[in-house]
Protein chains: 2
Amino acid sequence: MKQPITKASGQQEAFNSEKALSSYKRAGATEQLANRTLRAVRRDIGKSADTNDIYSSGLHFLNEHAPAIASRYSLKRAIMNLGPAGYIFEKFVARLLESEGYTTQVSQVLRGHCVAQEIDIIATKGDQKIMVECKYHNRPGLKSDLKVALYTQARFQDVQERGGFTEAWLVTNTHSTTEAGKYARCMGMKLIAWRYPYKGGLEKWIEDQRLYPITILPALPANVLSAFADAGIILVKDLAHFSVNDLVTLFHLKPKIAKHILASAQTLNSAIARS
Amino acid sequence: MKQPITKASGQQEAFNSEKALSSYKRAGATEQLANRTLRAVRRDIGKSADTNDIYSSGLHFLNEHAPAIASRYSLKRAIMNLGPAGYIFEKFVARLLESEGYTTQVSQVLRGHCVAQEIDIIATKGDQKIMVECKYHNRPGLKSDLKVALYTQARFQDVQERGGFTEAWLVTNTHSTTEAGKYARCMGMKLIAWRYPYKGGLEKWIEDQRLYPITILPALPANVLSAFADAGIILVKDLAHFSVNDLVTLFHLKPKIAKHILASAQTLNSAIARS
């Protein structure tokens, strides 16, 4: 039975069981768990549903039965929510780099050969000095395209000599276009995008390092996100150092909300540790 | 007496007589005509007005008293209306180049060193072969910024050798940022924007060549604009070759509209010829 669903774009399409199953499996679900999740989703959504309902229903089931898998399943949306502006994404990427031994500086203005250039992240380790351009989109449909790779390269060329940079990286939270990938490879620029490179994309990097962004926590209000980010709390594990009382005092949260946020963070932290 | 007006952004500001006067004079009005226009506008707009009312009222007065000056006054909006997409702007810039003896090709895909690149205009004359990047914005507030200049340069570097290009130009219908101008100068890229360079900006180029775009005609419906552009009618003077009957037959216009469009075009054409 083909069931019509409404996509984010407003278009209608038939509910695609294969697509749903493969998204559960990509998050780490076994064949059996994926099938059980699909059955739960089918029960939940009834006759009319949009992609959001399907997502929420699947996430709810996985959260109850396999929290670590649920966290991977919700990672893409979590990264999308690192907005509304790009600066939280920059700080997050800096944390990923630091976990690999790089020293980082975020949002620097450097004098280039021609003009002053805003460099999102400068990452150094040994002889390596990387100019990292971060491209944040707040909608999953927007791909980072050739123009982004082109201006990253031109910016790199402008600052390379004076800044003593050895390489340029472009890190984006969405997919990149084929042309952008081809150009980056050709110019020796490292491009990290969603599921690109195939086995070393952003989601893989995050999972390998187990550095989940705080936006993965359910029901984190937008104003709390900004306040946390300003205070350097970017990752779920950053929250481990805080008590309910700290959050209430430092961020003027209601005790109930502080408790809820910390409980989700702890559940997720131990699920990640066990996975 | 300071009168509040509403800007396109919704902000309120006091009506600035000096700003209005200088916009009339920049279009070629004498001191006297500028003052008369200002008085007419003040009479027209009454107590509450937005920038559109002020613009329309001034344009109306100038149209009656000095059509050629009115056309220059409305040029910026005409260029903004060369949308909604950028391809009509590309064709318009190609016409400007042709009037200076260049041979042009619009919207070409060329193989670069790394990837296939979309080149808006290839312009050749003698030993010169120019890669022209056109940047069209449909709102006057959006400036062409450093990133645009950067990707134009990187694109140029990618196609330069295989395409045998001698230089890169960036032509935009809006203002450009100071940084974009500085970078372009430093890299030897020619940048033509609104009132940039100071005495050789886009508006100056258009006026020197007397090549007014059809969007300068009052009340040209959007669907007619696209149909005209597809048929190669980009300039007011292109319309001179057509009769009312032609426009009715070829573009399925109502005779009344066709007549109105041709009459405005002829008035403007002769006003331009006399100016």
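Small disclaimer: the values here were computed from a predicted structure and weren't measured.

**As for the relation of the copies chain A and chain B**
Mapping between the two chain copies consists of a rotation about an axis together with a translation along that axis. Mapping chain A onto chain B leaves a residual RMSD of 0.1 Å; the transformation is a rotation of 180° accompanied by 0.1 Å of translation along its axis. This pairing of chains is accounted for by a two-fold axis. When C-alpha distances to the rotation axis are compared across chain A, the minimum falls at Y151(A), with a value of 2.1 Å. A symmetric contact is evident, with 100% of the interface residues of chain A recurring at the interface of chain B.

**Description of the interface of chain A and chain B**
Taken together, the 19 residues of chain A in the interface contact 19 residues of chain B. Contact between chain A and chain B buries roughly 1,700 Å² in total, counting both sides, with carbon and sulfur atoms accounting for 68%. Our count for the chain A to chain B interface comes out at zero salt bridges. Sorting the residues of the side of chain A that touches chain B by element identifies β5 (116-125), α7 (146-163) and α8 (178-187) of chain A as the ones contributing at least two each. In terms of residues, the side of chain A that touches chain B owes the most to one element, α7(A), which gives eight residues. Of the residues in the side of chain A that touches chain B, the class split is ten nonpolar, three polar and six charged.

**So, the sheet that holds strand β7 (residues 167-172) of chain A**
Residues and elements named next belong to chain A. Spatial ordering of the open sheet is given by β4-β5-β6-β7-β8, a layout of five strands whose pairing is mixed. Every other strand in the sheet has two partners, leaving β4 (103-111) and β8 (190-192) as the edge strands with one partner each. Strand after strand, the sheet turns through a mean of 30° between neighbouring axes, direction not considered. Two strands pair when backbone bridges link them, and β5 and strand β6 (residues 128-135) are joined in this way by five bridges, in the antiparallel orientation. The residue bridging T124 from the neighbouring strand is K129, located in β6.

**Details of the pairing of strand β4 (residues 103-111) of chain B**
Residues and elements named next belong to chain B. Across eight bridges, the pairing between β4 and strand β5 (residues 116-125) is antiparallel. The residue of β5 that forms the bridge with L110 is Q117. Linking β4 back to β5 in an antiparallel pair, the connection comprises four residues.

**Considerations on a positive patch on the surface**
On the surface, a cluster of positive charge is made up of R111(A), R162(A), K182(B) and R185(B). Structurally, R111(A) can be placed in strand β4. For R111(A), a relative accessible area of 62% translates into the label exposed.

**Some details on the packing of α7(A) against helix α7 (residues 146-163) of chain B**
As a packed pair, α7(A) and α7(B) sit with axes 7 Å apart at the nearest point and diverge in direction by 90°. By the criterion of interaxial angle, the relationship of α7(A) to α7(B) is roughly perpendicular. On the side of α7(A), the interface is formed by L146(A), K147(A), L150(A), Y151(A), A154(A), R155(A) and Q157(A), while α7(B) contributes L146(B), K147(B), L150(B), Y151(B), A154(B), R155(B) and Q157(B). Classifying every residue of the contact of α7(A) with α7(B) gives eight nonpolar, two polar and four charged.

**Re the environment of R139(A)**
Residue and element names in this part refer to chain A. With respect to the secondary-structure elements, R139 resides in the loop between β6 and α7. In sequence terms R139 and L59 are 80 residues apart; their C-alpha atoms lie 19 Å from each other. Among all residues touching R139, those that are not within four sequence positions of it are M80 and T174.

**A look at unusual backbone geometry**
Residues Y196(A) and P197(A) are joined by a peptide bond in cis, for which omega reads -5°. Note that P197(A) resides in the loop between β8 and α9 (202-209). With a phi angle near 50°, S107(B) is a residue other than glycine that sits in the positive phi range. Its location among the elements puts S107(B) in strand β4.

**Here we look at the domain arrangement of chain A**
Residues and elements named next belong to chain A. Here chain A is described as being made up of domain 1 (4-73), domain 2 (87-209) and domain 3 (212-274). Domain 1 and domain 3 are separated by 26 Å when their C-alpha centres are compared. Listed as interface residues are four residues of domain 1 and, on the opposing side, four residues of domain 3. Roughly 370 Å² is buried in total at the junction of domain 1 and domain 3, and carbon and sulfur atoms are behind 70% of that figure. It is P67, A68 and S71 in domain 1 that bury the most area against domain 3; as a group they hold 83% of the surface buried on that side. Linking domain 1 with domain 3 are zero salt bridges. In this structure, the connection of domain 1 to domain 3 is made through zero residue pairs in polar contact (both at pLDDT 80 or more). Considered class by class, the residues forming the side of domain 1 that touches domain 3 number two nonpolar, one polar and one charged.

Each value, and the rule that gives it
- Residues numbered from 1 in each chain as written.
- Chains lettered and ligands numbered in written order.
- Predicted model: local features only at pLDDT ≥ 70, side-chain atom pairs only at ≥ 80, totals over all residues.
- Heavy atoms only, no water.
- Least-squares fit on C-alpha atoms with pLDDT ≥ 70 in both.
- Contact = heavy atoms within 4.5 Å.
- Buried area = accessible area lost by both parts, 1.4 Å probe.
- Salt bridge = Lys/Arg side-chain N within 4 Å of Asp/Glu carboxyl O.
- Helix = DSSP H or I, 4+ residues; strand = E, 2+ residues; numbered from the N terminus.
- Nonpolar A, V, L, I, M, F, W, Y, C, P; charged D, E, K, R; others polar.
- Pairing = 2+ DSSP bridges.
- Axes fitted to C-alpha atoms, helices over the stretch in contact; angles between N-to-C directions.
- Patch = residues over 30% accessible without salt bridge, like charges linked within 9 Å, V, L, I, M, F, W, Y side chains within 5 Å.
- Areas by Shrake-Rupley, 256 points an atom, 1.4 Å probe, with all protein chains shown as cover.
- Lys, Arg positive; Asp, Glu negative; His and termini not counted.
- Charge placed at Lys NZ, Arg CZ, Asp CG, Glu CD.
- Buried < 20%, exposed > 50% of the residue type's maximum accessible area, 1.4 Å probe, protein only.
- Parallel < 35°, antiparallel > 145°, perpendicular 65-115°, else oblique.
- Domains from an automatic or database assignment.
- Polar contact = N/O pair within 3.5 Å; in protein donor to acceptor, adjacent residues only side chain to side chain.

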